[in-house]
Number of protein chains: 2
Amino acid sequence: MNPVEVILAKRRGEEHAHDDLEAFVLGFVGGEIPDYQVAAWLMAVCWRGMSERETADLTRIMAASGDQLDLAALPHTLDKHSTGGVGDKTTIVLAPLVASLGGTIAKMSGRGLGHTGGTIDKLESIPGFRATLSESEFLRQARDIGVAVTGQSGELAPADGLLYALRDATATVASVPLIASSVMSKKLASGARSLVLDVKVGHGAFMKSEEEARALAGAMVAIGRHAGRNVRAVLSNMDEPLGNAVGHAVEVIEALATLRGDGPPDVRALVLVLATEVLQASGLDLDEGDVAAALADGRAAERFERWIAAQGGDVSALDALEVAPNTSVWRATSSGELLALDAERVGLAVARLGGGRRRKGDAIDLAVGAHVHVKVGDHVSAGDALVTLLHRGGSAVEDALLALEGAARIGSSEVRRPLVLDVVR
Amino acid sequence: MNPVEVILAKRRGEEHAHDDLEAFVLGFVGGEIPDYQVAAWLMAVCWRGMSERETADLTRIMAASGDQLDLAALPHTLDKHSTGGVGDKTTIVLAPLVASLGGTIAKMSGRGLGHTGGTIDKLESIPGFRATLSESEFLRQARDIGVAVTGQSGELAPADGLLYALRDATATVASVPLIASSVMSKKLASGARSLVLDVKVGHGAFMKSEEEARALAGAMVAIGRHAGRNVRAVLSNMDEPLGNAVGHAVEVIEALATLRGDGPPDVRALVLVLATEVLQASGLDLDEGDVAAALADGRAAERFERWIAAQGGDVSALDALEVAPNTSVWRATSSGELLALDAERVGLAVARLGGGRRRKGDAIDLAVGAHVHVKVGDHVSAGDALVTLLHRGGSAVEDALLALEGAARIGSSEVRRPLVLDVVR
């Protein structure tokens with residue numbers, strides 16, 4: 001394998017043989033192929049694309065570049081991944097819910113960066129919750145109660161980490177096969193047989209158009225097919241934050257309400273679709289009614305408490321999580337129907353209150369957040385409260401309110417996207 | 001200027017503002033912008049291209065990245081550049097010819113690499129010839145006799161040298177704006193007001209098709225227009241070596257014959273077109289008849305001897321240059337019309353005899369070479385001598401004959417390309 005010939009082949013739009021691609025990627029990981037050659041190749045991939053087979057090969061090569069979890073001894077292993085949304089607490093609801101219905105969810109989860117929060121950070125707002133489990137603790141807990149969530153290990157798909165850093169510095173992030181293989185490499189390495197992907201569409205999402213989201217969903221489902229995993233993708237709306245709470249503790253509180261059969265309608269509806277799809281993909285003969293019953297009759301909430309307790313969390317504190325004491329209200333300046341509420345700006349406002357990281361490793365305030373009072377389709381009048389910020393005072397509040405400026409689109413009714421746009425199987 | 005934004009803009013097919021392009025290129029030269037970012041950008045340029053204005057800006061930025069020769073005090077300064085051919089001794093004829101007609105040619109010239117020879121190497125087959133002149137010697141000689149040729153300085157357009165090395169390692173050499181700006185940056189830095197480009201087309205040339213050659217010629221002429229230089233480009237045929245001699249001493253001998261009004265018809269014809277075009281471009285009111293007269297009446301040959309003597313060459317040795325003593329003949333294996341003689345293979349055969357470099361700095365044998373006995377259109381019979389190799393014996397001869405295998409295409413007549421395909425002004 002000559003690296004220049006690999007780059008040239010992709011430049012010409014040719015398909016790489018598996019072994020050439022493997023030697024190229026592992027040569028980069030091993031330091032034998034310099035980053036400038038990989039950077040040129042990445043841009044050629046953005047230009048020419050990759051076939052389904054090539055994308056699946058790249059994904060498996062990256063997945064095999066580090067540790068791979070073996071979950072074969074566990075029943076109905078499944079996983080869920082979101083491309084990143086604001087106010088998205090679905091994992092916190094879905095994980096105990098599917099466990100209560102016979103699924104096993106042994107999940108690696110990330111921390112937040114920029115305007116979106118991470119599941120692990122949110123769970124840490126519960127006193128005592130331990131986000132880092134050893135591999136044996138993790139597997140034992142998954143076997144015993146069907147649910148375990150741990151912070152991502154540095155050894156999972158290290159090739160993806162190296163490639164992603166290079167993509168970030170070379171304007172080669174936006175590429176369907178590169179995004180799809182990056183997401184799926186970590187999912188393949190983490191071992192679950194079935195996977196549901198929540199591909200967010202809208203202004204607050206990485207994929208701004210339904211067309212792009214559909215292409216990404218199709219690519220990820222195809223990778224699953226090539227790799228012998230059952231993958232389904234749900235395209236969901238991110239024209240507004242999901243639910244009403246945005247932050248860390250406030251999102252756990254909303255997730256808990258949903259687990260108890262209550263919670264905002266959109267959170268509940270999305271959880272039901274995602275959970276039903278992934279349970280069916282894992283071979284369990286359940287419909288949405290069965291899944292809703294587990295929320296209604298307390299099984300999901302009971303499994304949540306067992307899970308939190310297993311990871312050291314203080315269950316007795318769940319109904320008294322610390323929330324920042326001060327409030328500032330952001331109000332409508334005109335009247336009409338709410339057409340969209342820019343989720344990215346709401347996420348940014350919370351980040352500016354101290355609830356978001358600029359760089360990996362930054363400390364964050366889990367008690368700050370926002371409550372969104374209006375949903376798309378609601379009628380609002382000038383002066384109505386749209387968002388209440390929960391904060392600790394100081395100059396950050398002004399910055400957060402500035403971030404919200406222009407975030408609400410208020411006007412007269414037009415065709416709106418539904419919450420769930422499509423399911424790709 | 002944010003380098004990621006520059007890459008992203010080119011990825012999207014946008015045109016760079018001059019200042020962004022300058023900051024990006026000079027940032028790379030200065031070591032502040034890493035090579036991987038430049039590599040991604042180069043591939044994006046291969047993908048999206050560059051506008052005429054952008055290409056001209058890039059060329060001037062590279063030309064200004066190092067020393068620039070000031071030839072403003074000299075009359076009718078002109079230069080000639082070839083994209084690289086086999087058997088191409090036109091510079092050796094053209095330089096004293098244009099000087100004898102009032103032009104000033106103060107030329108930087110390269111050494112050979114791979115299958116093509118360099119003018120400087122060829123001239124060194126004349127005993128005593130000095131290829132390296134100081135800047136003041138060079139300028140004085142150009143003023144006194146109108147012709148000076150020196151080896152290329154390392155300080156001419158260093159940005160081009162750095163970019164070229166990166167392109168070579170990242171499969172981004174083949175790009176019309178990048179090739180055009182690379183050639184023209186060195187030409188702009190070396191100061192001549194007028195320039196004729198000999199763009200070779202055919203199997204032995206960098207540009208395999210007339211379409212590619214025409215695009216490159218157009219791009220280089222446009223750069224000249226933007227930079228206030230008079231540039232013309234001649235598209236010439238490289239479906240066979242130029243003339244009959246391929247090597248170093250043998251090519252000087254053939255150039256001398258042409259300077260004395262003799263020489264192969266194709267060498268003479270190409271020199272007349274190139275010289276006439278560049279003399280006219282430099283503002284001299286001369287036609288091809290005037291140029292031919294300087295070959296016929298001895299003015300060109302006389303200027304050649306003055307030039308060689310000025311650079312230390314032994315003029316009395318010109319008719320007794322050392323040529324390798326042994327010969328091996330390569331013969332036709334079928335009969336018919338010669339349709340093409342692969343110039344690249346003939347060049348490679350001479351290189352294998354010791355007449356070419358694999359790497360910069362390799363020593364070469366100036367006395368070895370080849371005599372081509374047939375030209376495209378000639379009728380040949382099986383057993384006829386096609387090429388005679390001039391060598392010093394040893395195993396290299398077998399290797400050289402192997403290089404020639406399959407080089408001659410013999411068949412029945414088809415439409416052939418003329419020597420001069422077009423002139424782009």
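Predicted model only: the values in this text are computed from it and were never measured. (Residues numbered from 1 in each chain as written. Chains lettered and ligands numbered in written order. Predicted model: local features only at pLDDT ≥ 70, side-chain atom pairs only at ≥ 80, totals over all residues. Heavy atoms only, no water.)

A. Representation of the domain arrangement of chain A. Residues and elements named next belong to chain A. Each domain of chain A was delimited in the assignment, giving domain 1 (3-49), domain 2 (77-318) and domain 3 (326-411). A separation of 24 Å is found between the C-alpha centroids of domain 2 and domain 3. Facing the 26 residues of domain 2 at the interface are 28 residues of domain 3. Taken together, both faces of the contact between domain 2 and domain 3 bury some 2000 Å²; the carbon and sulfur share is 56%. Our count for the contact surface shared by domain 2 and domain 3 stands at four salt bridges. (Domains from an automatic or database assignment. Contact = heavy atoms within 4.5 Å. Buried area = accessible area lost by both parts, 1.4 Å probe. Salt bridge = Lys/Arg side-chain N within 4 Å of Asp/Glu carboxyl O.)

B. Focus on the sheet that holds strand 4 (residues 194-201) of chain A. Residue and element names in this part refer to chain A. Strand order in the open sheet made by the four strands is 1-4-5-13, with mixed pairing throughout. Every other strand in the sheet has two partners, leaving strand 1 (78-82) and strand 13 (420-424) as the edge strands with one partner each. Each neighbouring strand pair of the sheet contributes to a mean axis angle of 15 degrees, computed without reference to strand direction. Pairing geometry for strand 4 and strand 5 (residues 230-237), over eight bridges, is parallel. Of the residues in strand 5, the one forming a bridge with Val201 is Asn237. (Pairing = 2+ DSSP bridges. Helix = DSSP H or I, 4+ residues; strand = E, 2+ residues; numbered from the N terminus. Axes fitted to C-alpha atoms, helices over the stretch in contact; angles between N-to-C directions.)

C. The arrangement of the relation of the copies chain A and chain B in detail. Of the transformation superimposing chain A on chain B, the axial component is 0.1 Å and the angular component is 180 degrees, with the fit at an RMSD of 0.1 Å. When the rotation and shift are considered jointly, the pair of chain copies conforms to a two-fold rotation axis. Taking the C-alpha atom as reference, chain A places Tyr36 of chain A closest to the rotation axis, 1.8 Å from it. (Least-squares fit on C-alpha atoms with pLDDT ≥ 70 in both.)

D. How the structure looks around the packing of helix 1 (residues 3-11) of chain A against helix 3 (residues 35-48) of chain A. Residues and elements named next belong to chain A. One way to put it is that helix 1 packs onto helix 3 with a least axis distance of 8 Å and a crossing angle of 15 degrees. As judged from the angle between their axes, helix 1 and helix 3 are roughly parallel. For the pair helix 1 and helix 3, the sense of crossing is left-handed. Here Pro3, Val4, Val6, Ile7, Lys10 and Arg11 of helix 1 lie close against helix 3, whose contacting residues are Gln37, Ala40, Trp41, Ala44, Val45, Trp47 and Arg48. A class-by-class count of the residues in the contact of helix 1 with helix 3 yields nine nonpolar, one polar and three charged. (Parallel < 35°, antiparallel > 145°, perpendicular 65-115°, else oblique. Left-handed = near helix turned anticlockwise from the far one by under 90°. Nonpolar A, V, L, I, M, F, W, Y, C, P; charged D, E, K, R; others polar.)

E. Region of interest: the sheet that holds strand 8 (residues 336-341) of chain B. Residues and elements named next belong to chain B. One open sheet holds the three strands; their spatial order is 10-8-12, and the pairing between them is antiparallel. A strand with exactly one partner marks an edge of an open sheet, and here the two such strands are strand 10 (379-380) and strand 12 (408-411). Sheet topology note: the strand 8/strand 12 ladder contains four bridges and is antiparallel. Looking at strand 12, one finds that Glu337 is bridged to Gly411.

F. Highlighting the pattern of salt bridges. Residue and element names in this part refer to chain A. Within the structure shown, the criterion is met by 54 salt bridges over all chains. Across the pair Glu277 and Arg232 runs a salt bridge, and its minimum N-O distance is 2.8 Å. Residue Glu277 is located in helix 12 (residues 265-281), and its partner Arg232 is located in strand 5; the two are separated by 45 residues in the primary sequence. On the basis of relative accessible area, Glu277 is assigned to the buried category, the value being 7%. If you follow the salt bridges from partner to partner, you end up with Glu15, Arg53, Asp57 and Arg60 in one network. (Buried < 20%, exposed > 50% of the residue type's maximum accessible area, 1.4 Å probe, protein only.)

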